[in-house]
Amino acid sequence: MSQSARVLYLLVDGIGDVSIPAFGDRTALEVAHTPHLDALAAGGLNGLLDPVEPGLACGSDTAHMSIFGYDPRIHYRGRGAFESMGAGIAMAPGDIAFKCNFATLDTATGIVTSRRADRHFEHLGPTLCAALDGLAIPGYPGYHVTVRYATEHRCGVAVSGPGLSDAVGDTDPLKDKLPLLKSKPTDDSPEAAFTAGLVNALSDAIRAVLEPHPINAQRLAAGEAVANVVLLRGCGSRIRVPCFRDKHHMRACLVAPTKIIAGLGLSFDIDSLEAPGATGSYNSELSSKATTICAALTGAISSPEQQLQAIEQRAQAVQPAGEQAAKQEQQAPVLTPEQWANPGPGGGGYQFGFVHVKAVDDTGHDRMVGFKVRFLEAVDKMVGQMLRRLWEAEAAGRGRYAMVVSGDHSTPVLFGDHSNEPVPFVICNVRHAVEALGGPAHILKVPLAPIPMPDVKGTPPRPEDLCKQAAFKDARRKASWAGRPWDPAMPPELFGPWRDPWPTCVRGDPVRCYDEVSAARGGLGRFPGSQVLTLVKQFAGVTPLGVAAGAGQGGEP
């Protein structure tokens, strides 16, 4: 029997959508030019995923828990601990933490005029967090407050001390132009009543620091929204669950600059890796994420400490850009069968690599219809780089690789919030995706240089241009379904300006495009998040630790 495959799981936050009238009742995925995602769909197995259960508009935290195989109905204790741990706050048993927003409060009326003071807050958030860190809570001596900046307008706030409970409500009204809330206990325990009072005192103390802060004086003078309140929500404590490796028999890592996802992974003892330049916002270095996760899967990175050392060494050296830099990156070693089956910090890399991309979700929340299409196309370029790197490793005899792409929920751009529509799911062997794309000659043309990101401050794409693009994509889809071979000389006025081939080889099921409508025809049907890791392990041929590779398996998928 062949060795098990290593798995790259790409989760695109908020990827799903609904039919958009401006696009001729197509979704953003149906309009976006995504040849590499389509190659995965053509080469693999497809379906529709309800991240938790049908009909539930879930949050990213509960969706990820479900996908990782931890039932949120049993284990969920609030998202605050995930955000705070991801931001670098070490939490001990008994501590509580909150996922927080810097927001704007009308102090005269007590109305939260904007739950996000400024989404582009990276240059100011750390300074305000430093001003709040170690804040004393009036009337509650002996309780310590820790504040760390997360991403965009978000931060993590943790409180340590005796007798605390996570059974308390939020101060966040969850909608703009509603009153700031007072925290209330959510059960009848004396600890919850005590903690609710502490949380309200903490909220007042934070406002007392922020309102006169020089940053807010400058923003007020410039006519910008002030960040004079921190909305405390999702109170939680660290969950106690079996670690990911013991549960799923795979050594795992993740690249997730979004702190709530990084903290969630840490709760499951998944190693968190840093990708230089990667953020949880619109300016993320997607190419860096692809480089980092592929190095971890192929064995060039075997621990977070080793990776940080490599980053420091590269920073001290003068590095060329683009393809030349890619050629000079640290090469993955050829792993022994023992390293492949039982990797560890000393070598062998990781068997499961998870990558989270946030920007697509932000376009949904910000209702940027055209930009959601453009960010999906940027993600597709990252998928192309991932496929190229993993295929090169496989072609060189350095293992076998599979790739998964899904979302954690839908964020329709017309609604601006999470919805209960399922998201497309695909799982595919890398070599089969390369075959569907047209073979090695095509995948080797994928550039490994940094991926340009759309400028959300610039002019958005025009709907009429996107409708024209959608017509081109429809023509390509029909040609693929008809079995028409790709020819670069085909007229661009019929098939669009792109020089990427459409899928010409289909395996697994009849699906040839990665989008919500096409995925509904997939062989996997519709299934809940709790089944994802079971499916992934079966597809990859993963066996429990200590069991010989191939034992009890039906063979290579």
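Residues numbered from 1 in each chain as written. Predicted model: local features only at pLDDT ≥ 70, side-chain atom pairs only at ≥ 80, totals over all residues. Heavy atoms only, no water.

> What am I meant to see in the environment of Gly 397 here?
Within the fold, Gly 397 resides in the loop between α16 (369-395) and β12 (401-406). Sequence separation of Gly 397 and Val 334 is 63 residues, and the distance between their C-alpha atoms is 7.9 Å. (Helix = DSSP H or I, 4+ residues; strand = E, 2+ residues; numbered from the N terminus.)

> Is there a simple way to explain the domain arrangement of the protein chain in this structure?
As a measure of interface size, the accessible area lost when the parts come together is often cited. Here the protein chain is described as being made up of domain 1 (6-76 + 242-312 + 334-540) and domain 2 (95-238). Distance from the C-alpha centre of domain 1 to the C-alpha centre of domain 2: 34 Å. Listed per partner, the contact involves 17 residues of domain 1 and 11 residues of domain 2. When domain 1 packs against domain 2, the two sides together hide about 880 Å² of surface, and 49% of this comes from carbon and sulfur. Linking domain 1 with domain 2 are 0 salt bridges. Joining domain 1 to domain 2, the criterion identifies 0 residue pairs in polar contact (both at pLDDT 80 or more). Contributions of two or more residues to the side of domain 1 that touches domain 2 are made by α10 (259-267) and α15 (359-365). The element contributing the most residues to the side of domain 1 that touches domain 2 is α10, with 4 residues. In terms of residue class, the side of domain 1 that touches domain 2 is made up of 5 nonpolar, 5 polar and 7 charged. (Domains from an automatic or database assignment. Contact = heavy atoms within 4.5 Å. Buried area = accessible area lost by both parts, 1.4 Å probe. Salt bridge = Lys/Arg side-chain N within 4 Å of Asp/Glu carboxyl O. Polar contact = N/O pair within 3.5 Å; in protein donor to acceptor, adjacent residues only side chain to side chain. Nonpolar A, V, L, I, M, F, W, Y, C, P; charged D, E, K, R; others polar.)

> Looking at this structure, I do not really get the UniProt feature "domain: Metalloenzyme" (unreviewed entry) in the protein chain. What am I missing?
In the numbering used here, UniProt assigns the "domain: Metalloenzyme" (unreviewed entry) feature to residues 6-303 and 350-432. Between the C-alpha atoms that bound residues 6-303 there is a distance of 16 Å. The span itself is 32% helix and 19% strand. In the segment residues 350-432, helix accounts for 45% and strand for 23%; the C-alpha atoms at its two ends are 22 Å apart. (UniProt positions renumbered as here; feature names shortened; annotations may be inferred.)

> Looking at this structure, how should I read the packing of aromatic side chains?
In this description, a pair of aromatic rings is defined by centroid distance and the angle of the planes. This model, assessed by the stated rule, comprises 15 aromatic pairs. Summarising the aromatic geometry, the rings of Phe 68 and Phe 268 are spaced 6.0 Å apart at their centres and angled 85 degrees between planes, so their arrangement reads as edge-to-face. In this pair, Phe 68 is assigned in the loop between α3 (60-67) and α4 (72-75) and Phe 268 in the loop between α10 and β10 (271-272), connecting sequence segments 200 residues apart. Residue Phe 268 is classed as buried on the basis of its relative accessible area, which comes to 0%. Considering the side-chain rings of Phe 244 and Phe 352, the 5.3 Å spacing of their centres and the 35 degrees angle between planes classify their relative orientation as tilted. Of the two residues, Phe 244 is situated in helix α9 (residues 244-248) and Phe 352 in strand β11 (residues 352-357); the sequence distance between them amounts to 108 residues. By relative accessible area, which is 1% here, Phe 244 ends up buried. The buried category is assigned to Phe 352, whose relative accessible area is 1%. An aromatic cluster of at least three residues, connected via ring pairs, comprises Tyr 9, Phe 68, Tyr 70, Phe 244, Phe 268, Phe 352 and Phe 354. Here Arg 251 stacks its cationic end above the ring of Tyr 350, 4.1 Å away from the centre of that ring. Above the face of the Trp 481 ring, Arg 512 is positioned so that its terminal group lies 5.3 Å from the ring centre. (Phe/Tyr/Trp six-rings, centres within 6.5 Å; stacked < 30°, edge-to-face > 60°. Buried < 20%, exposed > 50% of the residue type's maximum accessible area, 1.4 Å probe, protein only. Lys NZ or Arg CZ within 6 Å of the ring centre and 35° of its normal.)

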